[in-house]
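# Summary of the model geometry
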Amino acid sequence: MPLASGDRLPTIRSVNILNADLHCHSVVSDGTLEPEALAARAHANGVDLWALTDHDEIGGQHRARTAALQLGMAYLTGTEVSVTFAGTTVHIVGLGFDADDPVMKKGLYDTRHGREARAREMSEGLERVGIPGAYEGALKYVGDPGLISRTHFARHLVATGVCADTSEVFRRFLVEGRPGYVPHRWATLGDAVRWISGAGGMAVIAHPGRYKFTPNEEYALFSEFKAHGGRGVEVVTGSHSSSDFRKYADTALEFELLASRGSDFHSPDESHVDLGTLPPLPAKLSPVWEALSDRVHRP
Ligand code: AMP
Ligand code: MN
Ligand code: MN
Ligand code: MN
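From a predicted model like this one, the values you see are computed outputs, not experimental measurements.

## Side note on the coordination of the manganese ion (ligand 3)
The protein atoms donating to the manganese ion (ligand 3) are Glu-80 (OE), His-91 (ND1) and His-207 (NE2), with metal-donor distances spanning 2.1 to 2.2 Å. Mapped onto the sequence, the residues coordinating the manganese ion (ligand 3) show the spacing E-x10-H-x115-H. Taken as a pair, the manganese ion (ligand 3) and the manganese ion (ligand 2) lie 5.6 Å from each other. You can see Glu-80 sitting in strand β4 (residues 78-85) and its partner His-207 sitting in the loop between β6 (202-205) and α10 (215-227), a full 127 residues away along the chain. Here Glu-80 matches His-207 in class, with each residue buried.

## Brief notes about helix α4 (residues 102-112)
By the burial criterion, the buried members of α4 are Met-104, Gly-107, Leu-108, Thr-111 and Arg-112. End-on view of α4: buried residues confined to an arc of 135°, all on one side of the axis. Residues of α4 that are exposed and angled more than 90 degrees away from the buried face: Pro-102 and Val-103. Here the buried face of α4 lies against β4, α5 (115-128) and α9 (189-198). N-capping of α4 is provided by Asp-101, with a side-chain oxygen placed 3.2 Å from the backbone N of Val-103. Where α4 terminates, the next one or two residues include Gly-114, which has phi positive at roughly 105°.

## A short note on unusual backbone geometry
Notably, Ala-86 is not glycine yet its phi reads approximately 50°, a positive angle. Considering the arrangement of structural elements, one finds Ala-86 in the loop between β4 and β5 (88-95). Even without being a glycine, His-207 presents a positive backbone phi close to 25°. Accessibility expressed as a relative area gives 2% for His-207, which makes it buried.

## Some remarks on the coordination of the manganese ion (ligand 2)
Bound to the manganese ion (ligand 2) on the protein side are Asp-30 (OD), His-55 (NE2) and His-266 (NE2), at distances that span 2.2 Å. Of note, the donors binding the manganese ion (ligand 2) are all from one chain and are spaced D-x24-H-x210-H.

## Looking at the pattern of salt bridges
The full count for this structure, using the stated rule, is 13 salt bridges. For the salt bridge of Lys-106 with Asp-110, the shortest nitrogen-to-oxygen distance reads 2.7 Å. Note that Lys-106 and Asp-110 are positioned in helix α4 at a spacing of 4 residues, about one turn of the helix. Asp-110 sits in the partly exposed class, given a relative accessible area of 39%. Of the charged contacts, one joins Glu-116 and Arg-120 as a salt bridge, the two residues approaching to 3.6 Å between their closest N and O atoms.

## Examining the sheet that holds strand β7 (residues 232-237)
Sheets are built from strands paired through backbone hydrogen bonds, the pairs being either parallel or antiparallel. Spatially, the 5 strands line up as an open sheet ordered β4-β5-β6-β7-β8, and their pairing is mixed. Lying at the two open borders of the sheet, with one neighbouring strand each, are β4 and β8 (258-262). On average, each strand axis in the sheet is tilted by 40° relative to the strand beside it, whichever way the strands run. Both β6 and β7 contribute to a ladder of 2 bridges, which runs parallel. Each residue of the ladder has a partner; that of Val-204, found in β7, is Gly-232. Its contacts with the sheet place α10 against β4, β5, β6 and β7, and it is angled at close to 175° to β6.

## A short note on the packing of aromatic side chains
Two measures describe an aromatic ring pair: the distance that separates the ring centres and the angle between the ring planes. For the coordinates displayed, the defined rule picks out 6 aromatic pairs. Judged by centre distance (5.4 Å) and plane angle (65°), the rings of Trp-50 and Tyr-75 are edge-to-face. Here Trp-50 is found in strand β2 (residues 49-50), whereas its partner Tyr-75 is found in strand β3 (residues 74-75), with 25 residues between them in sequence. Here Trp-50 matches Tyr-75 in class, with each residue buried.

Definitions and cut-offs
Residues numbered from 1 in each chain as written. Chains lettered and ligands numbered in written order. Predicted model: local features only at pLDDT ≥ 70, side-chain atom pairs only at ≥ 80, totals over all residues. Heavy atoms only, no water. Donors = N, O, S within 2.8 Å, 3.2 Å for Na, K, Ca; no water. Helix = DSSP H or I, 4+ residues; strand = E, 2+ residues; numbered from the N terminus. Buried < 20%, exposed > 50% of the residue type's maximum accessible area, 1.4 Å probe, protein only. Arc of directions from axis to C-beta. Contact = heavy atoms within 4.5 Å. Polar contact = N/O pair within 3.5 Å; in protein donor to acceptor, adjacent residues only side chain to side chain. Salt bridge = Lys/Arg side-chain N within 4 Å of Asp/Glu carboxyl O. Pairing = 2+ DSSP bridges. Axes fitted to C-alpha atoms, helices over the stretch in contact; angles between N-to-C directions. Phe/Tyr/Trp six-rings, centres within 6.5 Å; stacked < 30°, edge-to-face > 60°.

So, in structure tokens, the structure goes:
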């Protein structure tokens, strides 16, 4: 059901089955495909409305939008901002913002800053357990050195035979308490939400089922997010089980949040959920794309 220019959006029930995929990564952050290849893959998989959401970076937005529109696929600008909340890293997806907004651009720049120093420290930690040269190794997988992430270290450790796959690397080396883990202070929740909203976009809590919060902490995340002006939550994401779909559908209703859907696709070799292949949003929820209808770039 492509969103053609001038179309009125269909009624709620049918709008929920629109194949929207509003979360994925390109080589601009820690994905392995170029924005154009992701656009082609999304289109081939039947995606009607797409957003590229690289971590803390919007350098791929122009290419992604151009490729999408050429394929006849509607597009929303996107990013995924790293935030520190209650001592934990939380991700906030921004959708439909103005990619030229100077405050947003500066905020993302400041958030990215520090990744390189963190990566060098991660490398020192790995060296202490007998894995030398991990920084240089990880750099081989990086599109932009300013965006070096744990994922790039994971790819290097798999390629050099230290681990069988990236989830083993994370488990053994890259999570809290492990030798390659370096704590980092990202953006604040309030700043991230304000940058996105101030640039005309919508802030969405990414994959809430992934955070290891107590019920009280999770309640605090959702209520503070709302108080700062956040409006959406990912309910159907590649990071959620079907019981998470049900749980966060209820949370969306409880907090009166709009619901989003996105695969969080990174790579054909690593991601178990492909672009555009998740189940639709539950019919009782209001999708983020309805409220973002006038921010959609239409072919
Ligand atoms: P960073 O922003 O450098 O902390 O890296 C975070 C990225 O690592 C996430 O966006 C995921 O792509 C990836 N990641 C986090 N946890 C895991 C995991 N357990 N297995 C595979 N990839 C993971
Ligand atoms: Mn990632
Ligand atoms: Mn994420
Ligand atoms: Mn992501």
